[in-house]
Amino acid sequence: MPYKKLTIYTDGGARGNPGPAGIGAVILDGAGKVIAEISESIGQATNNQAEYKALIAGLIKAKELGADELEVFLDSELVVKQLNRQYRVKDKGLAPLFAQAYNISLGFKKIVFKHVRREKNKLADRLVNRALDKA
């Protein structure tokens, strides 16, 4: 069954910067029920690269679930401000990831990117750490 409106919490992290990195994403339906989780090791990356890769994985999953509208929460203020066009993407390592995330986001009728404090992003953070611990 396709979900029209979904909420996504994403997080990415690296142990060392750059270092072994992982991504986490939690996707919730309109009632706030978890319908998908992503927890993966992504090899070597910076924290910001991991944040973008977590976002991209979450967006792709939401598309697969049939979402039209998304509310996306990230604890990376940098990534949120870049996606909301408040900051330019100057880092050459982030530019292709920004472009990929932006292009995927165009496939939704409505998408909102919001910054959330780390303590409000515990579920996604736990998935990142689970991926890093496994790797």
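In this report, we go over the structure that sits alongside the text. Since the model is a prediction, treat every value here as computed from it, not as a measurement.

The subject of this paragraph is the pairing of strand 2 (residues 19-28). Taken across its 10 residues, strand 2 has nine buried, putting it largely inside the fold. Where strand 1 (residues 5-14) meets strand 2, eight bridges bridge the pair, whose relative direction is antiparallel. Among the inter-strand pairings, Ala 14 is bridged to a residue of strand 2, identified as Ala 21. The loop that links strand 1 with its antiparallel partner strand 2 comprises four residues; one of these, Gly 16, has a positive phi angle of about 95°. Across 10 bridges, strand 2 lies against strand 3 (residues 34-45) in antiparallel orientation. Paired with Leu 28 across the bridge in strand 3 is Val 34. Hairpin connection from strand 2 to strand 3: five residues lie between these consecutive antiparallel strands, with Gly 32 at a positive phi of about 85°.

Reading guide: rules and limits
Residues numbered from 1 in each chain as written. Predicted model: local features only at pLDDT ≥ 70, side-chain atom pairs only at ≥ 80, totals over all residues. Heavy atoms only, no water. Buried < 20%, exposed > 50% of the residue type's maximum accessible area, 1.4 Å probe, protein only. Helix = DSSP H or I, 4+ residues; strand = E, 2+ residues; numbered from the N terminus. Pairing = 2+ DSSP bridges.

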